Each structure stands twice: as C-alpha cells, then as structure tokens.
Amino acid sequence: MIGTRPEAIKMAPVILGLADRGGSDHRLALTGQHTDMVDRVLAAFAIEPDYDLDLMTPGQSLYDIGHACMDGLREVAEDFSPDVTIVQGDTATVFFAGVVTFFQRGRLAHVEAGLRSRQKWSPFPEEMLRRMTDTVSDFCFAPTPAAAANLAGEGIPPRRIFVTGNTVVDALLQMQARPMAVRNPHVARLLSSRRRLVLLTAHRRESFGAPLDGVFGAVARLAARFGDTDILYPVHPNPKVLEPARRILGEAPGIHLVDPLDYGDLVAVLGRADLVLTDSGGIQEEAPAFGVHTLVLREVTERPEAVQAGAATLVGTDPARILDEATDHLSGGRGGHPPRNPYGDGRAGERIADILLAELTGAPRETEDWEAA
C-alpha cells in the first residue's frame, strides 16, 4: 500500500527486493494522496501499480481520507486476499490499511516501525498513526536499533521485531547508481552555479500559521545575510504553506521557490547542497548519506540518530535560533558528518523481502539483521 511520495520512495526497494527474491505474488495499491508525485517516483524505479484508487479530492479532512481509504482498501483486500499487507511510515494510508487488515484478520508488515517523538501532538497526526499501526502489526521492521528498543519497551514481542536499516538509503544508492539529467531547468542552473546552495523544505501541519511564518522570516534574513548563497525551496502545494511562502519569500533575492522536485532532482540537490533546513522526516534520513548538515525545523524529532551522530541539529521554529545556527554553519563554524550513515547500509529492502518470505514459506533466511555502528 502506498499513499504519498515518501512512501513510494521507501517502499520501492521492498517491491524490488520481492521481485529479485522471487517466490511471491505481490501487488501494489495506491490510494492517491500524492498522485502525480507518486507516479513520478514509481516511474523512476520502473514500478507499475496494480490498483490505483485515486481517493483524494481537494480540501479533504482526515475524516474524509479515513472513510475513503477504508472503503477502497477493503475492496483491494477482498479482491486479492493477501497473506500479508505491507505498509510504510506514518500516513493516513498506513493507519487505515492497518485497520482494514485487522478487520480482515490478515497479517500486517510495517516498514519503518518504532520511530517515536513521544509527543502525542507532534508530529500530528503522524506520531499516533505510527504508534497505533505498530500495535496491530505482525512484522515490525525497525530501521535502527533505537527504533527496535522503542518497540520492545512498549511490549511488542521480540519475534515481531526485525532491525533492517532504512529503505531510504537503498533508494538513494539505487538512484545514484543510475544518474539522470535534472528535469527542472531552474534547478539545473542552480546546480551548475558556483554559488553555495541551501535546501529548504517545510510543510508540517503543527507549524502552520505563526511558526511557519517565523521560519520563513528567518530564511529571508539568512538570504539577505549571505548574498553569495542560493536557497532552494520546493514548495508544498498545501495552501497553508504556499500562501505564506509566496508572501514572505516570493520577492526575496537569492531565494528560489519551485514546484515539488522529482526524486532524481532531489537526490541531485542533496548531493550538491551545503546545508539543509527541513521539517521532513525523510530528508533527515537522506541528508546524512551525502554528508550535508541538517537543521531540523521541529521541536522534537522521532529520528534522533542523526542528531546524536552530529549530522543534524534540532532548531525548532524559533527564528533567532534558525538564523544563528544557519549562520554558524555557512560561516564555517561547524562541520563534519558521521563516517557511517546512522540509518542503514542499503540492503533494507532485501532484508525485508527475505524476512517476509522466510516467515511465510518456512525457507531459511539469507540475510542478517542490520547493526548500526
């Protein structure tokens, strides 16, 4: 099951792992939360969906999404009758697919299980959607030992917990192995420039309103302070993000507002960036693979490994803190990155496919759990 672009990126290695391993009839269902962006990601990995529910409409509430997902995914489950349903992450698609699987008395596999902020309302609603999905999952694929410890501490039986690394590392390495031309011409020009490059992404629900205005204000001042630096912002299409972005950043010199990037373009930008400012969970995991420092625009993060490794700094949405930390990094006051990516070795999708087929068929496992440095 896939709903959003991050799910597509992180599920692609699992789908490819199942195909490489053989011995299974697997089918892919899309709910349509990020239709165009998901289609482009899947195309980059040469993956075609078997079901496209196209459930999303403008202005939907979480209630609307839940109702549509429950009805649509029930039809998929009754048509295919899978031995196991695989979901990834913490979205509405993930949670409601878990509910449908539970109602069907099926088995659920949760990729990227065990991440915790320990704050009920942050990130909202993702923190609780992930926790509740873990509760009903039969296979909890924890990306790191810390995530596995979270699950064990909540009473999840050890036989249901597997440490795999994060599939986002697999996806990055696979994209790097087959580099493609940058599709966005504006981004291509920025990448070919000798000017420094900062990547900004910001879209979290809990930051809507004054916190997001503060972030954008700090970014505008950062651009004014560093005239030799370009700041690239692929703007999320949500009006609550798009309107303040255009209002505060639209005319600021050195700031480039663009549409959401194709995955290949994003990989190219991360490989070229000097600094990342983000509230995205996925980019917190992707940036360390390129050795680029990340300022996390959130008060808490369910991905603490990069912070603990010195690859990221938690700055929240306080404008002064953001400006000070970004200035420090761009002025050369800080640097360095962990010698090993704290999120995986690029074999997570292979491990997940191996574990599922071993558990379902009784065949011996061909891989071992991942161990962080």
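Residues numbered from 1 in each chain as written. Predicted model: local features only at pLDDT ≥ 70, side-chain atom pairs only at ≥ 80, totals over all residues. Heavy atoms only, no water.

Enquirer: Would you take a moment to explain a nonpolar patch on the surface for this structure?
Expert: On the surface, Leu-62, Trp-121 and Phe-124 cluster together to form a nonpolar patch covering roughly 300 Å² of accessible area. Note on placement: Leu-62 falls in helix H3 (residues 62-80). (Patch = residues over 30% accessible without salt bridge, like charges linked within 9 Å, V, L, I, M, F, W, Y side chains within 5 Å. Areas by Shrake-Rupley, 256 points an atom, 1.4 Å probe, with all protein chains shown as cover. Salt bridge = Lys/Arg side-chain N within 4 Å of Asp/Glu carboxyl O. Helix = DSSP H or I, 4+ residues; strand = E, 2+ residues; numbered from the N terminus.)

Enquirer: I would appreciate a short explanation of a negative patch on the surface in the present structure.
Expert: Taken together, the side chains of Asp-36, Asp-39, Asp-52 and Asp-54 define an acidic patch exposed on the protein surface. Along the chain, the position of Asp-52 falls in strand S2 (residues 51-52). When its relative accessible area of 42% is taken as the criterion, Asp-52 is described as partly exposed. (Lys, Arg positive; Asp, Glu negative; His and termini not counted. Charge placed at Lys NZ, Arg CZ, Asp CG, Glu CD. Buried < 20%, exposed > 50% of the residue type's maximum accessible area, 1.4 Å probe, protein only.)

Enquirer: Help me out: how do you make sense of the sheet that holds strand S12 (residues 312-314) in this one?
Expert: Across the sheet, which stays open at both edges, the six strands sit in the order S9-S8-S7-S10-S11-S12 with parallel pairing between neighbours. The strands lining the two open edges of the sheet, one partner per strand, are strand S9 (255-258) and S12. Strand-to-strand twist in this sheet, taken as the mean axis angle between neighbours without regard to direction, amounts to 20°. Pairing analysis gives three bridges linking strand S11 (residues 294-296) to S12, with the strands arranged parallel. (Pairing = 2+ DSSP bridges. Axes fitted to C-alpha atoms, helices over the stretch in contact; angles between N-to-C directions.)

Enquirer: Help me out: how do you make sense of the packing of helix H7 (residues 167-177) against helix H11 (residues 263-272) in this one?
Expert: Relative placement of two packed helices is described by the angle separating their axes and the distance separating the axes. Taken N-terminus to C-terminus, the directions of H7 and H11 make an angle of 90°; their axes are 10 Å apart at the nearest point. It follows that H7 is roughly perpendicular to H11 by the angle criterion. Contacts between H7 and H11 pair Val-168, Ala-171, Leu-172, Met-175 and Gln-176 from the former with Tyr-263, Gly-264 and Val-267 from the latter. Looking at the contact of H7 with H11 residue by residue, the class counts come to six nonpolar, two polar and no charged. (Parallel < 35°, antiparallel > 145°, perpendicular 65-115°, else oblique. Contact = heavy atoms within 4.5 Å. Nonpolar A, V, L, I, M, F, W, Y, C, P; charged D, E, K, R; others polar.)

All we've got here are geometric facts, nothing functional implied.
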